[in-house]
Amino acid sequence: MSNDATDYQVFIDGQFEDATSGEVIEVYNPADNSLVGKVPACTAEDVKRAVQSCKAAQPGWRKTPAFERGLIMKKLAAAINDKVDLLALTISREQGKPLKQATGEVLCGAELLEYHAEWARRIEGEVIPSDDENENIFLYKEPIGVVACILPWNFPFYVLARKLGPALITGNTVILKPSTDTPCSALILATILNEIDFPKGVVNIITGKGSVTGKGLSEDPDVGFVTVTGSVPTGQKIMTSCATNVTKVSLELGGKAPAIVMNDADLDAAIAAITAARISNAGQVCSCTERVYVQSGVAEAFMEKIKVAMNEVTWGDGVKNPEANMGCMINRDAVETVHNMVLNAVGQGATLLLGGEVPQMEGAFYPPTVLADCDHSMDIMHEEIFGPVLPIMVFDTVDDALALANDCQFGLTSNLYTSSYHTALKFSNEIQAGELYINRRQSEAYQGFHAGWKQSGIGGDDGKHGMEEYLQTRVVYMSY
Ligand code: NAD
C-alpha cells in the first residue's frame, strides 16, 4: 500500500489514455490536503470515443450467453477482492471515510457483482396468451444498449458496482463516469479490467467535469440509458440533457430520512441505530437519518441518551484511524455549508446540545452535532444536511408523526422505532417514501429495491426490480 500520488489514465476501448486536451484534475485527500492523484479531464471528443467503443462492443456482449457474462463478472469480483487493500486505501484517501469502512465498501462492491452474476439464468421473457386461436405472443427482454453511469463521491465504489452489475448481466455495455472528487478508485478498476482481459469496449471509464463528461454522455444519441446517483439540481440538469434524445434516465437523488421514536420503542436500540445512521460516512449518505421526531413521553430521556451516544463517536483521519466511527467530510466547502445550516437553525430557535463548532485543525472535519427544540418552520428540517448533524423535534400523536414525516420534498428512506404493530402497519401503509426501516437502522439489501419518491428520484437500484431498469421489451405476435 502506498500513500504516494498517482498519475491515472482513463480507459477507452481497452486502452489507457490521457485526455485529448492533456488537461488533468487534481484529487486531494480531504483529511490532510495531500495530493492523492491526477486524473484526465476528458473532453467532449473523449466522451464520444468512449460511447462509440461501447456501441461497437455491445452486439457481441449481448450475444455472449448470460451465463458466460456472469462467469466473467465473477472473475472481475474475485480480482477486485484481490485488490481490496489498494482500493480501500485509495477510497479512504480520496473520500475521507475510515479505512475499515472503505474496505467494507470494496467487499460489498465485489459482492454486488456476484449477486448480479447469479441472475444470469433467471432473466426470462414471457409467453402471453393470445385472443386468437392460432397466435403466440412472445415478450422478449432485451438490453438497452449503451448505459452511462454517472456516479457520486459518497460511495464511489459501492454505487459504481451497484450500476455496473445489473448493466452487464443484462447485456449492456457501460461507461462509468465517477465524480471529480473520487475518480481514482474507478481508474484502479480499469487496471483490474485490463489485467483480467475483460472484453474490450464492454466497460469504458472516463473522468472529467460533470458539465462536460456527464452532460456529453446524457446528450449523446448513442447512449440508451443514463443512470445517475447525485443531488437534485444535478438530476434536474441530466433530465434536461436526456430530453435531447428522449434518453431513458434513472435518478437516485437526495434524501431527508425521518426517524420516528415512539413512547413504546426500545429506546437504547433506537439511540444506537440513529447514532450509527447519522454519523455513517460523516452523515454523507442519501438514506441516513436526517431528522428525528421523538414522542413526548420519552423526549427527555432521548435527549440525554442521544447526547451521550453522539459524544462517544470517535472520529479523525480515516487512514491514520482506520477503526474510527467517522472520518472527515468531502471538503472544507461542505463543512462550511453544514456549519451555516447549524448556525441558521440556532438563529431560528433550535438549541445546540452538542458539537456545532468547526474544529481548529487541518482537514474537512465536523463534529457530531445535536440540535433540540427543532420544528418545521426551520430550514434544517427540510433541506438535506449531508453532515453529522441531528435535528430533533418532539411530537404527541402517531398522526402528528406521520404528517411531519410526510411533510417533505424528498421521499427516499424513513425509519420507525416502536413495539406497536398498529403503528408499524400504519406507517407501512402511509409513509411517503420508497423505504421504511422498522426497529433497525437503514442499509439496503442487494435483493431489495432502493427507489425514491417525490424529488428523491425516478427509477431505482437493486434486486430484480433494479435490474429490470436495464432491460427493454420487444413483443412478437406470431400467427400460424
Ligand atoms: P452531484 O450531483 O454533485 O454529482 C453527481 C454526479 O453528477 C457527478 O459524477 C458529477 O460529476 C455529475 N454531474 C454534475 N453536473 C452534471 C451535469 N450537468 N450533467 C451530467 N452530470 C453531471 O452529487 P454528489 O455531490 O456527488 O453526491 C451527493 C448527492 O448524491 C447527495 O444529494 C445525495 O443524497 C445523493 N445520493 C443519492 C443516493 C441515492 O441512492 N438516492 C445515493 C448516494 C448519494
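Residues numbered from 1 in each chain as written. Predicted model: local features only at pLDDT ≥ 70, side-chain atom pairs only at ≥ 80, totals over all residues. Heavy atoms only, no water.

A.B. asks: Lay out the packing of helix 12 (residues 398-406) against helix 13 (residues 421-430) in plain terms, naming residues and giving numbers.
C.D. replies: Describing two packed helices takes the angle between their axes plus the distance from one axis to the other. Remark: helix 12 packs on helix 13, axes separated minimally by 11 Å, with the N-to-C direction vectors making an angle of 30°. It follows from the interaxial angle that helix 12 and helix 13 lie roughly parallel. Handedness of the helix 12/helix 13 crossing: right-handed. Taken together, the residues of helix 13 that come into contact with helix 12 (itself represented by V398, D399, A401, L402 and N406) are T423, K426, F427 and E430. (Axes fitted to C-alpha atoms, helices over the stretch in contact; angles between N-to-C directions. Helix = DSSP H or I, 4+ residues; strand = E, 2+ residues; numbered from the N terminus. Parallel < 35°, antiparallel > 145°, perpendicular 65-115°, else oblique. Left-handed = near helix turned anticlockwise from the far one by under 90°. Contact = heavy atoms within 4.5 Å.)

A.B. asks: Explain the site of the ligand residue by residue, including any values.
C.D. replies: Among the 25 residues in the neighbourhood of the ligand, the closest are listed as L151, W153, S231, T234 and E384. Isolated, the ligand exposes 850 Å² of accessible area, and the fraction of that covered by the protein chains is 89%. Listing elements by their share of the shell around the ligand, those giving two or more residues are helix 7 (210-219) and helix 8 (232-243). Class assignment of the residues belonging to the shell around the ligand gives a composition of 10 nonpolar, 10 polar and five charged. (Near = heavy atom within 4 Å. Areas by Shrake-Rupley, 256 points an atom, 1.4 Å probe, with all protein chains shown as cover. Nonpolar A, V, L, I, M, F, W, Y, C, P; charged D, E, K, R; others polar.)

A.B. asks: Kindly report on the packing of aromatic side chains, identifying the contributing residues and their values.
C.D. replies: Counting across every chain of the model gives six aromatic pairs. The interplanar angle of 40° and the centroid separation of 6.0 Å between the aromatic rings of W61 and F198 together place this pair among those described as tilted. A residue pair is termed long-range when its members are at least 10 positions apart, and W61 in helix 1 (residues 44-63) and F198 in the loop between helix 6 (184-195) and strand 10 (203-205) qualify at 137 residues. You can call F198 buried: its relative accessible area is 9%. Aromatic side chains F225 and Y470 sit 5.1 Å apart centroid to centroid with 75° between the ring planes, which places their arrangement in the edge-to-face category. Here F225, found in strand 11 (residues 225-229), pairs with Y470, found in the loop between helix 14 (463-468) and strand 25 (471-479); they are 245 residues apart in sequence, far enough to count as distant. Positioned above the aromatic ring of F225 is the side chain of K248, whose terminal nitrogen or guanidinium carbon lies 5.0 Å from the ring centre. Between the NZ or CZ atom of R474 and the centre of the ring of Y140, over which it lies, the distance is 5.7 Å. (Phe/Tyr/Trp six-rings, centres within 6.5 Å; stacked < 30°, edge-to-face > 60°. Buried < 20%, exposed > 50% of the residue type's maximum accessible area, 1.4 Å probe, protein only. Lys NZ or Arg CZ within 6 Å of the ring centre and 35° of its normal.)

A.B. asks: Outline the pattern of salt bridges, listing residues and values.
C.D. replies: All chains considered together, the criterion is met by 21 salt bridges. Close ionic contact of K200 with D13 constitutes a salt bridge, the shortest N to O distance being 3.8 Å. Of the two residues, K200 is situated in the loop between helix 6 and strand 10 and D13 in the loop between strand 2 (10-12) and strand 3 (15-17); the sequence distance between them amounts to 187 residues. Owing to a relative accessible area of 55%, K200 belongs among the exposed residues under this scheme. By relative accessible area, which is 29% here, D13 ends up partly exposed. Note that R162 is salt-bridged to D462, the shortest N-O span being 2.9 Å. Here D462 lies in the loop between strand 24 (460-461) and helix 14 and R162 lies in helix 5 (residues 156-169), a separation of 300 residues in the sequence. (Salt bridge = Lys/Arg side-chain N within 4 Å of Asp/Glu carboxyl O.)

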